[in-house]
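# Tertiary structure, described
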Amino acid sequence: MAFSDPISTSAPVYDSKPNTIVTPNSWWGPAIAAPYPTNTWFMDFVLDPSQEQLDSNGDRRTTIWPYNLRARSNGFDVNRPFIRLYPDGRSLRNEYQINYDATATNWGWTSPQAPSIWRYLDLTLRANETITSRYVSAYDQLSATLRWNVDGTHYMEAPIVRGMAYSTMRYTALTPVFATANTDYHSIATINGAAPSGTVSGTKFKIAINRPYLGAGATETWVLYASSSISFTATNGSLTATAPFTGYLRLAMIGDGSGAETALDTYKDAVPTGGTTSVSVSGNTSTTTFTYSKIGSGSTLLTYCLPHHEATLTSPTYAPNHTFTTIRGTLHAVVGNTWTMTDTLSTITWNSPNAIDGSKIAAITSALSTEKTFQASNLDATEAYTFGKQISRAARLALIADQLGDTTARTSIVNSMKTYLTPWFSNSANASTTLSLVYDTTWGGILSNNALVTSPPGNPNQATEFGNAVYNDHYFHWGYYIYAAAVIAKFDSTWATTYRNKVNDIIRDIANPSASGDPYFTQLRHYDWFEGHSWAAGLQSNGDGRNQESTSEALHAWYGINLWGLATAQPDLRNVGRFLQAAETRAAHLYWQMPSTNNVYPSNFASQKMVALVFANKVFNGTWFGLGDDQIVGIEAMPFTPATHELLLKPYVQEMYPVRLDNKDTVGTATTPGGWLGTTLAIQSIIDPNTAFTTIQGVSTGDPEYIDKQGASKTNLLWWAAVQDSATAAPTTTT
């Protein structure tokens, strides 16, 4: 197979069941069917309106940098959010609303922040006619198209394309309306330099919008372009076309820099309608191409790129003096219909590129002699995520035993792993609720059967097992299984042959590389082609959109695919893992880690050095389960494997550790029980391996403060401390 070819086109080898928790609603268009892209960036266009919605039109937002969009029953809202650092310093948000009291003398946020006085900063493109239905009519790797129908011949469509510089509505025999959210605080100040009144006509309307909450007399300037001349009746709250119109309107905010309006005028007639992606791998280099489709008389598109694009783009052409500042860093305006990006892929395989420090081998061997039985048999969890960490922990012991030359211990651990992992692959979901996997025929994916059976129907936000049956965190869960399977396959080719299709199917669930060739699984379920990283959230909603917490567990999944492909002689599948490894690592360095060399975030936020949660619409310096520094840093580091060398670079840890961990959550002063001390010590190992190693030596085997929750072991913690800063390469098997 080439990179984008399907791993398989055969039906999954697991039993099949429908999803009883949540089913697709009418916002998925009639042309869209399973397998559905359950974790994609545009899920907030289609999630059930009963979930975290403030009104029947839908309150959840989709961020298309630099804009924030909301699909409504009769059109869409768009705004350019302002950046707000919350008073506690933990949240940096794309703010699309204000806390407004018409009688107040001061703008801004007051306490309590009651929903009754939230006011949106939206501009709306809609139609004056009554809409009978709206849905996503089509999607591809870089776009989703929204459609609103009056009837079969009167409708409008909005191609929502990643990187788009303009928000576009294509009208077919409907009467366009442009409207502001509220004339009290978001009114039209001028249109083409004049107060709004009477009839205005033309193809370009330069609109100044009042924004008094940003300061006395503050305005922002937008431009509304029409594909052909159109007339509007103008007020301080709206522009309403004087007749039905067929063509498109394009709305864009004039950004930073003297060249912004010139760029928008120059490229207004090239309208992106979609975008496809392709990847090729040559040696240790990947090449990714974005190819945009377009309509209109213009020949060349204007799009915006994020910092990780800028770092990898090959010979881009930028529009001069035209940028936007966002919570994802500075956007630059790219001129062209294709983007080509290159990245360097990891060459790390089974072992660290550094040799084990010879003076530390005896302590590692001693820990292994105790843990090879305890850890390799402590594999009794029935919940998928917990079991995954357990089996992955055992896999680390097997590899360390192999590296130490203890083939007896290695074989014993691998046999124990097979005993506990194989039932998950071989049990029938129709006969065994626990320790079994199932193919979901409703959405198209592999689920924990226990999660499906025990989750309450109709309430995805209460789904069990971290939301496994509603597609939350699949790559975290299955990544551990894949890594463990790769280790077994390395030492037992017969087992690998027997369970190859079983493992390949769970890889298809999270990392099917084919856009349309696999009829059972969506492409790269979690990975966002444009954002350059993954989203964990599935069919559960959140007011700030898609989100990802643990970049390190995402990396572990892709590293596991890399090793499974290596162990089973599937080189293209291995490259899928390597490509995702490289992308996730780069994104973690830019958007989760905040070293002094990183200027993505404002300095008053970046001084915290690490964020744990990146949402589509905000970043949050805290986890889903706590606010401890050890938790925040630990969830972005665990588990510790050879791949961690590329994720946690020493210069960054030297900056971060004194700010977030030193003298806070180290041994004896920890505030968060349950396994995070081991993670803290592993991070300390990167900058002070000898001190950390000595401390780890004093840890009792099985101490829950160090190992129980995080899938760590004393053996692996010692190994990690012992492979820092060595100039001698460890033996590495690549066949």
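Since we're looking at a predicted model, the values are computed, not measured.

Scanning the chain from N- to C-terminus turns up 17 helices and 32 strands. Taking the principal axes of the C-alpha coordinates as reference, the chain spans close to 85 × 55 × 50 Å. Counting every position in the chain, which comprises 735 residues, the buried fraction comes to 62%. A total accessible area of about 24100 Å² is found for the chain, and carbon and sulfur atoms account for 49% of it. Charged side chains in the chain number 45 positive and 56 negative. The centres of these two groups are separated by 2 Å.

The subject of this paragraph is the nonpolar core. In terms of nonpolar packing, the biggest core is built from 216 residues, with Leu 224, Leu 302, Leu 421, Phe 425, Trp 564 and Tyr 601 touching the most fellow members. Broken down by element, this core gets its largest block of residues, 13 residues, from helix 7 (residues 474-491). With sequence-adjacent residues up to four places away left out, Leu 224 is seen in contact with Leu 125, Phe 178, Thr 203, Lys 204, Phe 205, Ile 207, Phe 232, Leu 239, Leu 249, Arg 250 and Leu 251.

Considering the arrangement of structural elements, one finds Ala 511 in helix 8 (residues 493-511). Look at Ala 511 and you get buried, because its relative accessible area is 0%. Other than its neighbours up to four places away in sequence, Ala 511 contacts Ile 7, Leu 524, Trp 558, Ile 561, Val 576 and Leu 580.

Moving on, we get to helix 10 (residues 571-592). Across its 22 residues, helix 10 extends 30 Å between first and last C-alpha, which sits within 8% of the 32 Å expected from 1.5 Å per residue. Most of helix 10 is tucked away, with 18 of its 22 residues classed as buried.

The full count for this structure, using the stated rule, is 26 salt bridges. With a closest N to O distance of 2.8 Å, Asp 544 and Arg 93 form a salt bridge. Of this pair, Asp 544 sits in the loop between strand 29 (533-534) and strand 30 (547-548) while Arg 93 sits in strand 6 (residues 91-95), placing them 451 residues apart in sequence. Note on Asp 544: relative accessible area 8%, which makes it buried. Under the relative-accessibility criterion, Arg 93 is labelled buried at 8%. The salt bridge involving Asp 357 is made with Lys 360; its shortest N-O contact spans 3.0 Å. A single network of salt bridges, built from pairs that share partners, joins Arg 61, Arg 70, Arg 72, Asp 77 and Asp 122.

Attention shifts here to the sheet that holds strand 27 (residues 445-448). Taken in spatial order, the 3 strands of this open sheet run 1-26-27, and their pairing is mixed. Each edge of the sheet is formed by a strand with only one pairing partner; in this case those strands are strand 1 (16-17) and strand 27. Bridge analysis of strand 26 (residues 437-440) against strand 27 gives 4 bridges, and the strand direction is antiparallel. Residue pairing across strands places Tyr 439 opposite Ile 446, the latter belonging to strand 27.

A word on helix 14 (residues 650-660). For helix 14, the full list of buried residues reads Tyr 652, Val 653, Met 656, Tyr 657 and Arg 660. Across the axial projection of helix 14, the buried residues extend over an arc of 120 degrees, all falling on one side. Elements that come into contact with the buried residues of helix 14 comprise helix 12 (629-634) and helix 15 (676-687).

Mapped onto the fold, Asn 450 is located in helix 6 (residues 449-454). With a relative accessible area of 16%, Asn 450 lands in the buried category. Not counting residues up to four positions away in its chain, the partners in contact with Asn 450 are Thr 433, Thr 434, Thr 464 and Glu 465.

Take the pairing of strand 24 (residues 329-335) next. Most of strand 24 sits out of view: 5 of its 7 residues are buried. Bridge count for strand 22 (residues 302-305) against strand 24 is 4 bridges, and the pairing is antiparallel. Looking at strand 24, one finds that Leu 302 is bridged to Val 335. With antiparallel pairing between neighbouring strands as the criterion, strand 23 (residues 318-326) and strand 24 make up a hairpin whose turn holds 2 residues.

In this section: unusual backbone geometry. With an omega of 5 degrees, the peptide bond running from Ala 34 to Pro 35 counts as cis. Among the structural elements, Pro 35 can be located in the loop between strand 1 and strand 2 (62-64). Here the bond from Trp 65 into Pro 66 is cis, since omega is 10 degrees, no more than 30 degrees from zero. Although it is not a glycine, Phe 466 adopts a positive phi angle of roughly 60 degrees. The residue Phe 466 is located in the loop between helix 6 and helix 7 in this model. Given a relative accessible area of 47%, Phe 466 falls into the partly exposed group.

Our next topic: the packing of aromatic side chains. For the coordinates displayed, the defined rule picks out 40 aromatic pairs. With 5.1 Å between their ring centres and 75 degrees between their planes, Tyr 385 and Phe 466 make a pair best called edge-to-face. Taken together, the residues Tyr 385 in helix 4 (residues 384-403) and Phe 466 in the loop between helix 6 and helix 7 connect sequence positions 81 residues apart. Put simply, the rings of Trp 28, Tyr 36, Trp 41, Phe 42, Phe 45, Tyr 139 and Trp 443 touch in pairs and so form one group of aromatic residues.

A few words on the sheet that holds strand 25 (residues 338-344). The antiparallel open sheet is built from 3 strands, whose spatial order is 20-21-25. Looking at the sheet topology across the chains shown, the edges are occupied by strand 20 (271-282) and strand 25. Taken over all neighbouring pairs, the strand axes of this sheet differ in orientation by 15 degrees on average, direction set aside. Where strand 21 (residues 285-295) and strand 25 come together, 7 bridges link them in antiparallel fashion. Across the sheet, the residue bridging to Thr 285 is Thr 344, located in strand 25.

Right, let's talk about the environment of Tyr 471 for a bit. Mapped onto the elements, Tyr 471 comes out in the loop between helix 6 and helix 7. Along the primary structure Tyr 471 and Trp 443 are separated by 28 residues, whereas in three dimensions their C-alpha atoms are 9.4 Å apart.

Burial along strand 26 is two-sided: the residues Leu 437 and Tyr 439 and Val 438 and Asp 440 are all buried. Strand direction decides the pairing type here: strand 1 and strand 26, joined by 2 bridges, are parallel. Bridge pairing in strand 26 places Lys 17 opposite Asp 440. Once strand 26 ends, the chain turns through 4 residues before running back antiparallel as strand 27, passing Gly 444 with a positive phi of about 95 degrees.

Axis separation between helix 7 and helix 8 bottoms out at 10 Å; the angle between their running directions is 160 degrees. What the angle tells us is that helix 7 and helix 8 run roughly antiparallel. Classified by chirality, the crossing of helix 8 by helix 7 is left-handed. Of helix 8, the residues touching helix 7 (which contributes His 474, Tyr 475, Trp 478, Tyr 481, Ile 482, Ala 485, Ile 488, Ala 489 and Phe 491) are Ser 493, Trp 495, Ala 496, Val 503, Ile 506, Ile 507, Asp 509 and Ile 510. Here the residues of the contact of helix 7 with helix 8 sort into 14 nonpolar, 2 polar and 1 charged.

Moving on, we get to the confidence of the model for the chain. Mean pLDDT over the chain: 91, with 91% of residues reaching 70 or higher. Contacts for the low-pLDDT stretch residues 665-671, under 50 throughout, to residues beyond four places or in other chains number 18 contacts. Low pLDDT, under 50, characterises residues 727-735; the predicted model gives this stretch 22 contacts beyond four residues in sequence or across chains.

The rules we used
- Residues numbered from 1 in each chain as written.
- Predicted model: local features only at pLDDT ≥ 70, side-chain atom pairs only at ≥ 80, totals over all residues.
- Heavy atoms only, no water.
- Helix = DSSP H or I, 4+ residues; strand = E, 2+ residues; numbered from the N terminus.
- Buried < 20%, exposed > 50% of the residue type's maximum accessible area, 1.4 Å probe, protein only.
- Areas by Shrake-Rupley, 256 points an atom, 1.4 Å probe, with all protein chains shown as cover.
- Lys, Arg positive; Asp, Glu negative; His and termini not counted.
- Charge placed at Lys NZ, Arg CZ, Asp CG, Glu CD.
- Core = buried A, V, L, I, M, F, W, Y, C linked by side-chain atoms within 4.5 Å.
- Contact = heavy atoms within 4.5 Å.
- Expected span 1.5 Å × (residues − 1).
- Salt bridge = Lys/Arg side-chain N within 4 Å of Asp/Glu carboxyl O.
- Pairing = 2+ DSSP bridges.
- Arc of directions from axis to C-beta.
- Phe/Tyr/Trp six-rings, centres within 6.5 Å; stacked < 30°, edge-to-face > 60°.
- Axes fitted to C-alpha atoms, helices over the stretch in contact; angles between N-to-C directions.
- Parallel < 35°, antiparallel > 145°, perpendicular 65-115°, else oblique.
- Left-handed = near helix turned anticlockwise from the far one by under 90°.
- Nonpolar A, V, L, I, M, F, W, Y, C, P; charged D, E, K, R; others polar.
- pLDDT = per-residue confidence, 0-100.

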